[in-house]
Amino acid sequence: MASKRQRGDGDKTAKNRKKKPREEAANLSSVLGDERVKAAVKEAWSRRTQFSHGDLELDCQPFPHCIIRNFLSSEAFVENLQRELLELGFHNKSNDLYKFQQSDDLKKRTEPHISVLRTVLFGCFRSWLGEVLGVELETTVDVSCARYEYTDVLLCHDDELEGRRVAFILYLVPPWQSSDGGTLDLYSTDSNLQPQTIMKSLVPSLNTLVLFEVSPVSFHQVSEVLTQDKHRLSLSGWFHGPSLQRPPRHTEAPIPRNPHLPRDETVLLEWINPVYLDISYQEQIQEEFEDSSEIQLKDFLKEEKFREVREALRLTQIEWMKRGPPNKRCYEVASLDSLPQCVSACWELLHSEAFFLLLSNFTGLRLHYLCPADDDDGADKKKAEDDTREGESSQSAHASRDDELSTPLCSGELRRWTHGSYTLLHDAEAARAEYALDLVLPFCGTDWQSEFGGFTCYVANEEDEELLTVYPEDNSLALVYRDKETLKFVKHVNHRSSTDSSSTSTCRTLYDFCFVYYE
């Protein structure tokens, strides 16, 4: 038999029950409730003209964007929202395009301030925005939280993805200056709708919302965070709706490919460490390369030749040209006509017939007609012997084999990497992916560190899986064979490269010869 409950127990139990957190109202800026302002913003947006009223500013250069300061009217709500967001779990995100920390999707988070803000953003504010644009925006909730710390960055992109109509960012930062980095940079575009230069930079400010229409010209970036003392916290996402029509994408001309230069083995004897010219050692290298499809050959050039080129690369006579556009790459390439003699000679070495044959010996690839076929080495050798006995008929046999197998080609650049340099993966590169042998010969100095960036990553196409990372190392020749499903990028060179341990500017520079060889 159950015992009787004592008097007053019920009252005590009720008092001990956990109280449900009281939800605060997320009231928006009063400027958003003014019908005359809304009509004026709508008119200005449609005409692509400027408009400003109180805390709201619309600018249409380089593309339409709207800034709403004091977006939330309650400072207490903003502080509590910050606290809830900072207590979330964040995941490190890093690839060719970005490096920062991101929360899980906030679509179903139950924290009171996050929940209320989500309701307001995708409720009444979505309706206001839809009226301004004259578009019915969907109720889809697409929002997350990002935290950027020292050297974090989001490089140039346009945000275009099926269904995204308007991008937004709500800043929840401490006092922030442009010298802290982390600005939202807006790019101008050229006649091919490719990004050119940064036309406007918006410094993050607490409780400020920035939004812009996602379009073929909405190129922007989050510049690298340069402060080590604070983090850049923001809520960001997209309002979904019918996408704007996009014209056909511009197609870039590929880097020209050329056959080898007629240089004999003398050039190898002059430049290359003798150990790599030993036939038995070449066979060991080929075995290792065939197992892993990549290899690094340390101390590849003769030391005196390497030092001579390294010193010459710092000469002011070399003309360096920036390679873009920034949604694909940002680094400098040397004008071949301006190269000092020793640098030009190194370029010719990597372009020479003798070097093509050496690469064939290192890799087993058909980069020269003297390299035996993989499927029938013995038969090939016998054929070569027979051809030799037949005198001139050997030349025609080699020529016919050359025609049948196609002429090996290469393309190359001499590149300079400094703070802010990078390359990005992009659709055009994926569409043109093919079998190729990549070569990189760095001149970086002994103080270049992996944490600076500037390393080459190989990834599987349409996947996040990283297959290989090649770090630059002085006089270490890197060879990597890639297939049609493998892409590569060079990681953004960050602010750490431009300072030393005593915070004195040193502006480190990485140079490299980058060649691609095709069978």
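Residue indices begin from 1 for each chain and proceed along its sequence in written order. Given that this is a predicted model, residues contribute local features only at a pLDDT of at least 70 and side-chain atom pairs are listed and counted only at 80 or more, while totals for whole chains, interfaces and linings are drawn from all residues. To obtain the side-chain values, all non-hydrogen atoms of the structure were included, while hydrogens and water were left out.

### A word on the overall build of the chain
Turning to step 1, where the next piece is worked out: Secondary structure summary: the chain contains 12 helices and 24 strands in total.
Turning to step 2, where the next piece is worked out: With a 1.4 Å probe rolled over the protein chains alone, any residue whose accessible area is under 20% of its type maximum counts as buried; one over 50% counts as exposed, and the rest are partly exposed. Taking all 519 residues of the chain together, 50% fall into the buried category. Starting at the N terminus, helices and strands are each numbered in turn, a helix being any DSSP run of H or I of at least four residues and a strand any DSSP run of E of at least two.

### Overview of the packing of helix α2 (residues 35-47) against helix α4 (residues 112-133)
Turning to step 1, where the next piece is worked out: In the contact formed by α2 and α4, the axes pass within 8 Å of each other and the chain directions differ by 45°. Comparing the axis directions of α2 and α4 gives the class oblique. Across the interface between the two elements, Lys 38, Val 41, Lys 42 and Trp 45 of α2 pack against Trp 128, Glu 131, Val 132 and Leu 133 of α4.
Turning to step 2, where the next piece is worked out: Gly falls in the polar group here, along with every residue not listed as nonpolar (Ala, Val, Leu, Ile, Met, Phe, Trp, Tyr, Cys, Pro) or charged (Asp, Glu, Lys, Arg). A per-class count over the contact of α2 with α4 returns 5 nonpolar, no polar and 3 charged. Lines fitted to C-alpha atoms define the axes here, with helix axes fitted over just the stretch in contact, and angles between the N-to-C directions of these axes take values from 0 to 180 degrees. Oblique is the label for any angle not under 35 degrees, not over 145, and not in the 65 to 115 range, which are roughly parallel, roughly antiparallel and roughly perpendicular in turn. For this analysis, residues touch if any pair of their heavy atoms sits within 4.5 Å.

### So, helix α9 (residues 353-363)
Turning to step 1, where the next piece is worked out: With 8 of 11 residues buried, α9 lies mostly within the body of the structure.
Turning to step 2, where the next piece is worked out: Those residues of α9 that sit buried are Ala 354, Phe 355, Phe 356, Leu 358, Leu 359, Ser 360, Phe 362 and Thr 363.
Turning to step 3, where the next piece is worked out: Positive phi shows up at Gly 364, right after α9, with a value of about 80°.

### Describing the sheet that holds strand β20 (residues 456-460)
Turning to step 1, where the next piece is worked out: Pairing in this open sheet of 3 strands is antiparallel, and the strands run β21-β20-β23 from one edge to the other. Looking at which strands have only one partner, the edges of the open sheet turn out to be β21 (466-470) and β23 (486-490). This sheet shows a mean twist of 20° between the axes of neighbouring strands, independent of strand direction.
Turning to step 2, where the next piece is worked out: Only strands that DSSP links by at least two bridges are regarded as paired with each other. By the bridge criterion, 4 bridges tie β20 to β21 in an arrangement that is antiparallel. Residue Tyr 458 lies in a different strand from β21, and its bridge partner there is Leu 468.

### Quick look at the pattern of salt bridges
Turning to step 1, where the next piece is worked out: Every case where a carboxyl oxygen of Asp or Glu lies within 4 Å of a side-chain nitrogen of Lys or Arg is listed as a salt bridge. With the rule as written, the count across this model stands at 32 salt bridges.
Turning to step 2, where the next piece is worked out: Of the charged contacts in the structure, one is a salt bridge between Arg 109 and Glu 111, with a shortest N-O distance of 2.6 Å.
Turning to step 3, where the next piece is worked out: Of the charged contacts in the structure, one is a salt bridge between Glu 252 and Lys 328, with a shortest N-O distance of 3.5 Å. Here Glu 252, found in the loop between β13 (232-240) and α5 (266-271), pairs with Lys 328, found in the loop between β15 (320-323) and β16 (329-334); they are 76 residues apart in sequence, far enough to count as distant. For the pair Glu 252 and Lys 328, a shared accessibility class is recorded, and that class is buried.
Turning to step 4, where the next piece is worked out: Taken together, the shared-partner salt bridges connect Glu 57, Asp 59, Arg 69 and Lys 200 into one network.

### Brief notes about the environment of Asn 361
Turning to step 1, where the next piece is worked out: Counting through the fold element by element, Asn 361 comes out in helix α9.
Turning to step 2, where the next piece is worked out: Excluding residues that lie within four positions of it along the chain, Asn 361 makes contacts with Gln 282 and Gln 286.

### A short note on the confidence of the model for the chain
Turning to step 1, where the next piece is worked out: In predicted models, pLDDT denotes the confidence assigned by the predictor to each residue on a 0 to 100 scale. In this model, the chain carries a mean pLDDT of 90, and residues with pLDDT of at least 70 account for 88%.
Turning to step 2, where the next piece is worked out: Note on residues 1-20: pLDDT is under 50 here. Beyond four places in sequence and across chains, it has 1 contact.
Turning to step 3, where the next piece is worked out: For residues 376-403, every residue scores under 50 in pLDDT, and the model assigns this stretch 18 contacts once sequence neighbours within four places are set aside.

### What about the packing of aromatic side chains?
Pairs of aromatic rings are described using the distance from one ring centre to the other and the angle between the two planes.
Turning to step 1, where the next piece is worked out: By convention, a stacked pair of Phe, Tyr or Trp rings (six-membered ring in the case of Trp) has centres within 6.5 Å and planes under 30 degrees apart, an edge-to-face pair has planes over 60 apart, and any other such pair is tilted. Summed over the entire model, instances satisfying the criterion amount to 25 aromatic pairs.
Turning to step 2, where the next piece is worked out: With 5.6 Å between their ring centres and 65° between their planes, Phe 63 and Phe 212 make a pair best called edge-to-face. Taken together, the positions of Phe 63 in the loop between β2 (56-59) and β3 (65-68) and Phe 212 in strand β11 (residues 208-213) put the pair 149 residues apart, joining distant regions of the chain.
Turning to step 3, where the next piece is worked out: Judged by centre distance (5.3 Å) and plane angle (80°), the ring pair of Phe 356 and Tyr 517 falls under edge-to-face. Here the residue Phe 356 occupies a position in helix α9, and Tyr 517 occupies one in strand β24 (residues 510-518), the gap between them amounting to 161 residues. Each member of the pair Phe 356 and Tyr 517 is classed as buried.
Turning to step 4, where the next piece is worked out: Members of the aromatic cluster, joined through ring pairs, are Tyr 276, Tyr 281, Phe 300, Trp 347, Phe 355, Phe 356, Phe 362, Phe 515 and Tyr 517.
Turning to step 5, where the next piece is worked out: Working rule: Lys NZ or Arg CZ, within 6 Å of ring centre, within 35 degrees of ring normal, means a charge sits over the ring. Cation over ring: Lys 305 sits above Trp 271, and NZ or CZ is 4.7 Å from the ring centre.
Turning to step 6, where the next piece is worked out: For the cation-ring pair, Arg 415 lies above Tyr 331, with the distance from its terminal atom to the ring centre recorded as 5.7 Å.

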